[in-house]
Amino acid sequence: MRDNLAEKTTNPYQSLSGHKEFYDHDTLNWDVEGQDWPNRDHSEFIHAGGLRWHVQKMGHGPYILLIHGTGASTHSWRELAPLLATEFTVVAPDLPGHGFTNVNSSHDLSLQGMASALNSLKKEMGFSPCIVVGHSAGAAILTRMAIDKMICPRWLVSLNGAILPLGGLPGVIFAPLARLFALSSFGSRFFTWRAADEQVVKRLLSGTGSHIDDRGMELYMKLFRNPSHVSATLNMMANWDLHSLRKDLPFLESTLTSIVGMKDKTIPPIDAERLCRIVHKSKYYQLDELGHLAHEEDPKAVAQIISHLVRKAE
């Protein structure tokens, strides 16, 4: 079911503590924040799985599904999607609670919950992607879907994918810390208050090892200053568990292609090598001068690798 884009969304949300919090007054408004949204002409709203999804669709050819990472949105594909649309039909949604996709009071923001929600959207739209591309946590979601046969892509492209569990001290404190912030609205309110300072957002993004343009910075600030978006991000992080996915990786049948920004300070680039030892059909490409947001820094380089995969197979 598709909606008129002019309709305003509401965003009922349930935190980990079990009570409902309504951020209707803070929800991203398509008629306000969405006025200058990248690739707006290709946007639509679709009801599926109890959610009202913001989805961008463009191009012609085999279907390619793009899934962004934690805390991002369709804006992260603003330059890559049009490049891929010259060869493919591109479908790129905002994940639940991110950007302009709402969450309801019972939605599960775990890895399995995100995978199931995206499966409902895919069924509603009636397409089957031959290629799927996921950035960071988006790669983990797509891997989960492929292993569980929700999708059967020929290629699964991981852009600095967060597929393996974090090691060392970060792996011990990451989820508990995120859970602490997600237990109430305080965490999201504090983060959005800090995001009012442009320098804070700049430091946060530069901490990924990437250098993005002013337009990208502006869009991230718009997201980070929105309590509803931040609350969903924190709850997604708090419910994230990659240990089960790690055990199931040998059962992945799609060819896993990792594109790695070697200056990534978020996900260790060496994870791509580790994945090649775990997944039978896998390979990786290095982008030496790029960081975690490589697809935003140099979308042409990423598009060329994806096109090369298909042409080589043909």
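Residues numbered from 1 in each chain as written. Predicted model: local features only at pLDDT ≥ 70, side-chain atom pairs only at ≥ 80, totals over all residues. Heavy atoms only, no water.

A. Here's a closer look at the packing of helix H6 (residues 198-206) against helix H7 (residues 214-224). In contact at an axis separation of 10 Å, H6 and H7 are set at 110° when each is read in the N-to-C sense. Compared by their axis directions, H6 and H7 come out roughly perpendicular. Between H6 and H7, the contacting residues are Glu198, Val201, Lys202, Leu204 and Leu205 on the first element and Met217, Tyr220, Met221 and Phe224 on the second. Its residues placed into classes, the contact of H6 with H7 shows 7 nonpolar, no polar and 2 charged. (Axes fitted to C-alpha atoms, helices over the stretch in contact; angles between N-to-C directions. Helix = DSSP H or I, 4+ residues; strand = E, 2+ residues; numbered from the N terminus. Parallel < 35°, antiparallel > 145°, perpendicular 65-115°, else oblique. Contact = heavy atoms within 4.5 Å. Nonpolar A, V, L, I, M, F, W, Y, C, P; charged D, E, K, R; others polar.)

B. The arrangement of helix H2 (residues 111-125) in detail. The terminal C-alpha atoms of H2, which comprises 15 residues, lie 21 Å apart, in line with the 21 Å expected from a rise of 1.5 Å per residue. Within H2, burial applies to Leu111, Gly113, Met114, Ala115, Ala117, Leu118, Asn119, Leu121, Lys122 and Met125. Gly126 sits one or two residues past H2 and shows a positive phi near 70°. (Expected span 1.5 Å × (residues − 1). Buried < 20%, exposed > 50% of the residue type's maximum accessible area, 1.4 Å probe, protein only.)

C. Main features of the pattern of salt bridges. Tallied over the entire structure, the rule returns 12 salt bridges. The salt bridge partner of Arg78 is Asp213, with a shortest N-O separation of 3.5 Å. Here Asp213 lies in the loop between H6 and H7 and Arg78 lies in the loop between strand S6 (63-67) and helix H1 (80-84), a separation of 135 residues in the sequence. Look at Arg78 and you get buried, because its relative accessible area is 9%. According to the relative accessible area criterion, Asp213 is partly exposed, its value standing at 35%. The partner of Arg274 in a salt bridge is Asp271, with the nearest N and O atoms 2.9 Å apart. Of this pair, Arg274 and Asp271 both sit in helix H10 (residues 271-278), 3 residues apart, roughly one helical turn. Judged by relative accessible area, Asp271 falls into the buried class, the value being 8%. Where salt bridges share partners, they join Asp36, Arg215, Glu218 and Lys222 into one cluster. (Salt bridge = Lys/Arg side-chain N within 4 Å of Asp/Glu carboxyl O.)

D. Region of interest: the pairing of strand S10 (residues 255-261). Within S10, 7 of the 7 residues are buried, which leaves the element mostly enclosed by the surrounding structure. Burial of the side chains of S10 extends over both faces: Thr255, Thr257, Ile259 and Gly261 are buried on one face and Leu256, Ser258 and Val260 on the other. As judged from the 5 bridges shared by strand S9 (residues 155-159) and S10, these two strands associate in the parallel manner. Bridged to Val157 within S10 is Thr257. Here S10 pairs with strand S11 (residues 282-287) via 6 bridges, running parallel. Its bridge partner lying in S11, Leu256 is registered against Ser282. Read from S10 through H10 to S11, the crossover connection turns out right-handed. (Pairing = 2+ DSSP bridges. Right-handed = clockwise from strand over helix to strand, strands pointing away.)

E. Representation of the environment of Met262 within the structure. Counting through the fold element by element, Met262 comes out in the loop between S10 and H10. Judged by relative accessible area, Met262 falls into the partly exposed class, the value being 32%. A C-alpha to C-alpha distance of 6.2 Å links Met262 and Gly291, two positions 29 residues apart in sequence. The residues contacting Met262, other than those within four sequence positions of it, are Pro269, Gln286, Leu287, Asp288 and Leu290.

F. Structural context of the nonpolar core. Among the nonpolar cores identified, the biggest contains 44 residues, and Ile141 and Trp240 are the most heavily contacted of them. Counting only elements with at least two residues in this core, the list comes to strand S4 (43-48), strand S5 (51-59), S6, H2, helix H3 (137-147), helix H8 (227-238) and H10. Take this core: its biggest share by element is 8 residues, from H3. With near-sequence residues (within four places) excluded, Ile141 lies in contact with Ile67, Leu95, Leu111, Met114, Ala115, Leu118, Met236 and Trp240. Counting 27 residues, the second largest nonpolar core, distinct from the first, contains Ile64, Trp77, Ile259 and Leu287. (Core = buried A, V, L, I, M, F, W, Y, C linked by side-chain atoms within 4.5 Å.)

G. Summary view of the side chain of Ser158. Within the element layout of this structure, Ser158 appears in strand S9. In this structure the side chain of Ser158 is engaged in a polar contact, spanning 3.1 Å, whose partner is the backbone nitrogen of Gly161. If we ignore the near neighbours within four places in the chain, the residues touching Ser158 are Gly134, Ala139, Ile163, Leu256, Thr257, Ser258 and Ile259. (Polar contact = N/O pair within 3.5 Å; in protein donor to acceptor, adjacent residues only side chain to side chain.)

H. Inspection of the packing of aromatic side chains at higher detail. In total, this model carries 5 aromatic pairs according to the counting rule given. On the basis of an interplanar angle of 85° and a centroid distance of 5.6 Å, the ring pair of Trp30 and Phe45 is categorised as edge-to-face. Here the residue Trp30 occupies a position in the loop between strand S3 (20-22) and S4, and Phe45 occupies one in strand S4, the gap between them amounting to 15 residues. Of the residues examined, Trp30 reaches a relative accessible area of 2% and is grouped as buried. Classification of Phe45 by relative accessible area gives buried; the value is 0%. When the ring of Tyr63 is compared with that of Phe127, the centres are 5.1 Å apart and the planes differ by 25°; the resulting orientation is stacked. Residue Tyr63 is located in strand S6, and its partner Phe127 is located in the loop between H2 and strand S8 (131-135); the two are separated by 64 residues in the primary sequence. Taken together, Trp30, Trp37, Phe45 and Phe100 form an aromatic cluster joined through their ring pairs. Across the ring face of Phe45, the terminal group of Arg52 is positioned such that the distance to the ring centre comes to 4.2 Å. (Phe/Tyr/Trp six-rings, centres within 6.5 Å; stacked < 30°, edge-to-face > 60°. Lys NZ or Arg CZ within 6 Å of the ring centre and 35° of its normal.)

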